[in-house]
Amino acid sequence: MHSELLKKVPLFEGLTHEELEGLSQVAMLRVFPKDRVVIMAEEEGDSLFVIHSGRVKVSIVSEDGREVILSILSTGNFFGEMALLDGNPRSANVTTMEETELLMVRRADFLRFIQLAPQVAIKLLAVLAQRLRKTDRKIEGLALSDVTGRITQTLLQLAEEHGTPTKDGILIKNRPTHQDLANMSGTTRETVSRVLKRLETQGYIIPKSKDLLITGTDLPISDS
């Protein structure tokens, strides 16, 4: 059963049936309800988690106690890889945003597995590099952009990572709450509401119940 789930994960693309079967034998499927903390920053961790269904947010707590959302991950993505590779404590919190099914692989089992399938380790390093670049861009954006720029960059990132192209634009299904967008943009919920209302009035976005349609990628990048 687990091998069929693992086959759909980009990290494990290209593995043979035998390799997938070997990995599935050491993977455990767990279901977490909405708003459940899966891992906490600074705690000891020795497992890799692969998202079979659902969504999670990866966050840290700033010095003044505010939640800062680093990313939102959905089906096919994974987390927990840093502690998996170096054995150090977790670097961030991960919390479910809806009921989520996770495949969990222990560190010792995964390290044995990548000795047999080194291409997975290469893919893992590529994803790590991509995530570091993304974090660098986020830090730069928080430092240099004004409020509108930070919010529009967050929307464009969500569109790139989770959006579905349509004839009218890019549809973000189950968009994050205004508070989550604020935590991703380094601002307040009230500011997010004000900026989104202005973007809607100007025709850049169209709210659709729990979804959000971005009509183009030319969102304004400043308050002016």
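Residues numbered from 1 in each chain as written. Predicted model: local features only at pLDDT ≥ 70, side-chain atom pairs only at ≥ 80, totals over all residues. Heavy atoms only, no water.

(A) Seen up close, the nonpolar core. Ranked by size, the top nonpolar core spans 21 residues in total, and within it Leu 11, Phe 12, Leu 15, Val 50, Phe 110, Phe 113 and Val 120 carry the most contacts. Of all elements in the fold, only α1 (2-7), α2 (17-24), β3 (47-53), β8 (100-106), α4 (107-116) and α5 (118-144) reach the threshold of two or more residues within this core. Here this core gets 3 residues from one element, more than from any other, and that element is α4. Leu 11 has contacts with Phe 78, Val 120, Lys 123 and Leu 124, leaving out every residue within four places of it along the chain. Core analysis: the next-biggest nonpolar cluster, separate from the first, contains 19 residues, Leu 181, Met 184, Val 192 and Leu 199 among them. (Core = buried A, V, L, I, M, F, W, Y, C linked by side-chain atoms within 4.5 Å. Buried < 20%, exposed > 50% of the residue type's maximum accessible area, 1.4 Å probe, protein only. Helix = DSSP H or I, 4+ residues; strand = E, 2+ residues; numbered from the N terminus. Contact = heavy atoms within 4.5 Å.)

(B) A look at the environment of Thr 152. Looking at the secondary structure, you find Thr 152 in helix α6 (residues 147-162). For Thr 152, a relative accessible area of 0% corresponds to the buried category. A sequence separation of 43 residues divides Thr 152 from Val 195, and the C-alpha atoms of the two residues are 9.0 Å apart.

(C) Fine view of the sheet that holds strand β4 (residues 55-61). Within the open sheet, the 4 strands sit side by side as β2-β7-β4-β5. Their pairing is antiparallel. Looking at the sheet topology across the chains shown, the edges are occupied by β2 (37-39) and β5 (67-74). Between one strand and the next, the sheet's axes are offset by a mean angle of 30 degrees, whatever the strand orientation. As paired strands, β4 and β5 are joined by 7 bridges and run antiparallel to one another. (Pairing = 2+ DSSP bridges. Axes fitted to C-alpha atoms, helices over the stretch in contact; angles between N-to-C directions.)

(D) Looking closely at α2. Listed in full, the buried residues belonging to α2 are Leu 20, Leu 23 and Ser 24. Taken end-on, α2 shows its buried residues confined to a sector of 100 degrees, consistent with a single buried face. (Arc of directions from axis to C-beta.)

(E) Helix α7 (residues 178-185), seen in detail. Most of α7 is tucked away, with 6 of its 8 residues classed as buried. Turning to α7, its buried residues number three or more, namely Asp 180, Leu 181, Ala 182, Asn 183, Met 184 and Ser 185. A positive backbone phi angle near 70 degrees is found at Gly 186, which sits one or two residues after α7.

(F) Structural context of the pattern of salt bridges. All told, the structure shown has 9 salt bridges when counted by the stated rule. Note that Lys 167 is salt-bridged to Asp 168, the shortest N-O span being 3.4 Å. Assessed through its relative accessible area of 45%, Asp 168 is described here as partly exposed. (Salt bridge = Lys/Arg side-chain N within 4 Å of Asp/Glu carboxyl O.)

(G) Representation of the packing of α6 against helix α8 (residues 189-201) in the model. Where α6 meets α8, the closest approach of the two axes is 10 Å, and the angle between their N-to-C directions is 75 degrees. The pairing of α6 with α8 is recorded here as roughly perpendicular in orientation. Side by side, α6 and α8 meet where Val 147, Thr 148, Ile 151, Thr 152 and Leu 155 of the first sit next to Thr 191, Val 192, Val 195, Leu 196, Arg 198 and Leu 199 of the second. (Parallel < 35°, antiparallel > 145°, perpendicular 65-115°, else oblique.)

(H) Looking closely at the pairing of β3. Burial analysis of β3 places 5 of its 7 residues in the buried class, which makes it a mostly covered element. Inspection of the sheet shows β3 paired to strand β6 (residues 78-79) by 2 bridges, in the antiparallel sense. Paired with Val 50 across the strands is Phe 78, a residue of β6.

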